[in-house]
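Fold and contact review
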Amino acid sequence: MKRLFIFLFAVFFINLAYSQENIVEKVRNEIKVWGEAKILIPKNNIKDLNILAKTISLDYPKGDFWLGYVNQKQYDNFLALNLKHKIFEEDNSTKALTMAATMAQMSNWDRYPTYQVYDSLMRRFALSYPSICKLDTIGFSVNNRLILALKISSNPYQEIDKPKFCYSSTMHGDELAGYVLLLRLSNWLLSNYGINQRATDIINNTQIFINPLANPDGTYAGGNSTVGFSKRYNANNIDLNRNFPDPIAGQHSDSEQWQKETLAFMNYADSNEFSISANLHSGAEVLNYPYDCSTSSNISHSDVDWFIDVCENFVDSIPFYAPAVFFTDVVTSGYINGGNWYVVYGGRQDYHTYFKHSREITFEVSLQKKLSTSELTNYWDYLSPGLISYIENCQKGLEGYIRDSITNQPLRAKVWVENHDGFNSEIYSKTSSGYYYRPILDGTYTISFSSDGYLPKTIPNINISGSGLTIQNVLLAKNENSLEEINNRIEYSVYPNPANDLLTISLTSKPDLKTNFSIKSSLGVELLDGNVIDKKTIIDISNLNRGIYFINVGTKVTKFIKE
Ligand SMILES: [Zn+2]
């Protein structure tokens, strides 16, 4: 009875609060049809933006409101916060989203491709430029659409030692401008190789990965022939840009499983280890640099000066090509620290930057999410200089090889800039070749190189200057005190032998912290193990059956008998 009363009271309360506009019903209907709905929440009503950011998919501040997206579960949780809100209904009537149903109709880059035309375009890039372009399948979406990337390189079918760069767009399926911009950028790079010096230099010096469409199910939510009904979330109604492991909020800050699309990207980043990347979105016009998960007063990226420098370079090109108001809606400078704008958890920018040691910026490229097709060529004019020059950042910084000083074997090593790096900003050399690339501003640095089992090396006064990459090769000497060496050196005896309940391991020298033992049966089954803590360590073997056993300490094996 009490429960019923509470329930009735709750229903009454909700009705009272929203009866005039039937907002809740409207939002729920929208979610029923599209899997997601857009809501506006008055700013002065929000007590804790962090709680709201964890409850719904916060999009952007819009005047006196925050715009947010909700799926069914998010909306239920949101209603529990008791915040006033209204549904955001976009006026779609003026939108002209002309589709290209044939490849020929894409020739002026002023239409959105149907899914089939997109697929064909990507294949044609690889077929038309086989010596510099390869088509990768990053994975498949929930509805089994392809998640594709072009690898553009002077040797696309080989793993070569050049910096790796990644552009990706439209992981929010309704943020369309970046999709066509990246297709057109791919075409510009490929068709200008050997013709235009800049395009040629970029391809010769960098391995470029371009994924124009990260969330095909969202973009083609209305079917493969239109982007008119594109939506933010994937087919499971999950925001992919809140679905990645987060440096602050943990592995599943959105309380959802990693989506197919998210896992595909995580695998792709694992196998490619990008050095510089960017993620294209829409809904604002601003460059958003790490971190998103915290304000800069709490956490600042060690390379904040580098981020600001590359952002400045990008926005400096804009006034020559775009109207004066372009890229000024968030801040007049055109770039901002992500967390200082608003905190986001589970975004790909922070995932790539923190966990994968890349430097990723979120490019918000157009105020209009579903940019009218009549604007597409204008936006190319406004943004292509910046998009091109951002890749060229891979031609500055430090590179080299890290190898074993005797055998010349390539080493996976950590590259750490002293008095500079922190919060995972270090980078690593490749296991396969020992090659590393570290983007960094011009200057003089002390840099340390370290690898498991090797003596670390610190090199002072490494001078990095603006003209091309500075090369610093490093040879590391094996650490004689490495675990492997220690284990090889251990000398010991066991007594008594035969033993009854207790067996003593007696070492000729003091054990290392990591020295351990294991006892195996004559059939090789491990029965006991533990640490060797002192020169004499006594083990209780009373639980072993009578028989023959083998004890390992370090790498040496001794036979003993249990009576
Ligand atoms: Zn977005």
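These figures come from a predicted structure and were not determined experimentally. (Residues numbered from 1 in each chain as written. Predicted model: local features only at pLDDT ≥ 70, side-chain atom pairs only at ≥ 80, totals over all residues. Heavy atoms only, no water.)

**Examining the pairing of strand S9 (residues 164-169)**
- For S9, the tally of buried residues reaches six of six residues, placing the bulk of the element in the interior.
- Note: S9 against strand S10 (residues 207-211), five bridges, orientation parallel. Paired with Phe 165 across the two strands is Ile 208, which belongs to S10.
- Where S9 lies against strand S11 (residues 276-281), five bridges are found, and the strand directions are parallel. (Buried < 20%, exposed > 50% of the residue type's maximum accessible area, 1.4 Å probe, protein only. Helix = DSSP H or I, 4+ residues; strand = E, 2+ residues; numbered from the N terminus. Pairing = 2+ DSSP bridges.)

**What to know about the coordination of the zinc ion**
- Around the zinc ion, the donor atoms from the protein are His 172 (ND1), Glu 175 (OE), Glu 175 (OE) and His 281 (ND1), and they sit 2.0 to 2.5 Å away.
- Around the zinc ion sit four donor atoms; with metal-centred angles ranging over 55 to 145°, the donor geometry is irregular.
- Read in sequence order, the donor residues for the zinc ion give the motif H-x2-E-x105-H. Pair noted here: Glu 175 is in the loop between S9 and helix H6 (177-191) and His 281 is in strand S11, with a separation of 106 residues, a long-range link.
- Look at Glu 175 and you get buried, because its relative accessible area is 1%. (Donors = N, O, S within 2.8 Å, 3.2 Å for Na, K, Ca; no water. Tetrahedral: all angles 85-135°; square planar, octahedral: opposite > 155°, others 65-115°.)

**Concerning the environment of Ile 238**
- Relative to the assigned elements, Ile 238 resides in the loop between helix H8 (216-219) and helix H9 (260-272).
- Overall, the relative accessible area of 6% leaves Ile 238 in the buried class.
- Note: C-alpha distance between Ile 238 and Asp 254 (16 residues apart in sequence) is 9.0 Å.
- Contact partners of Ile 238, with chain neighbours within four places excluded, come to Asn 71, Tyr 233, Asn 243, Asp 254, Glu 256 and Gln 259. (Contact = heavy atoms within 4.5 Å.)

**A few points about the environment of Pro 61**
- Within the element layout of this structure, Pro 61 appears in strand S2 (residues 57-62).
- Looking at Pro 61, the relative accessible area reads 26%, which means it is partly exposed.
- Distance in space between the C-alpha atoms of Pro 61 and Pro 42 is 9.6 Å, their sequence separation being 19 residues.

**What to know about the pattern of salt bridges**
- Inspection of the entire model under this criterion finds 21 salt bridges.
- A salt bridge links Lys 430 to Asp 161, with the shortest nitrogen-to-oxygen separation between them at 2.9 Å. Within this pair, whereas Lys 430 is found in the loop between strand S17 (427-428) and strand S18 (435-438), its partner Asp 161 is found in the loop between strand S8 (146-152) and S9, the two being separated by 269 residues in sequence.
- Between Arg 348 and Glu 360 there is a salt bridge, with its nearest N and O atoms 3.1 Å apart. Taken as a pair, Arg 348 in helix H12 (residues 348-355) and Glu 360 in strand S14 (residues 359-366) lie far apart in primary sequence, 12 residues in all.
- Arg 348 gets classed as buried once you look at its relative accessible area, which sits at 0%.
- Look at Glu 360 and you get buried, because its relative accessible area is 0%.
- Connected through shared salt-bridge partners, Asp 59, Glu 175, Arg 232, Asp 239 and Lys 369 make up one network. (Salt bridge = Lys/Arg side-chain N within 4 Å of Asp/Glu carboxyl O.)

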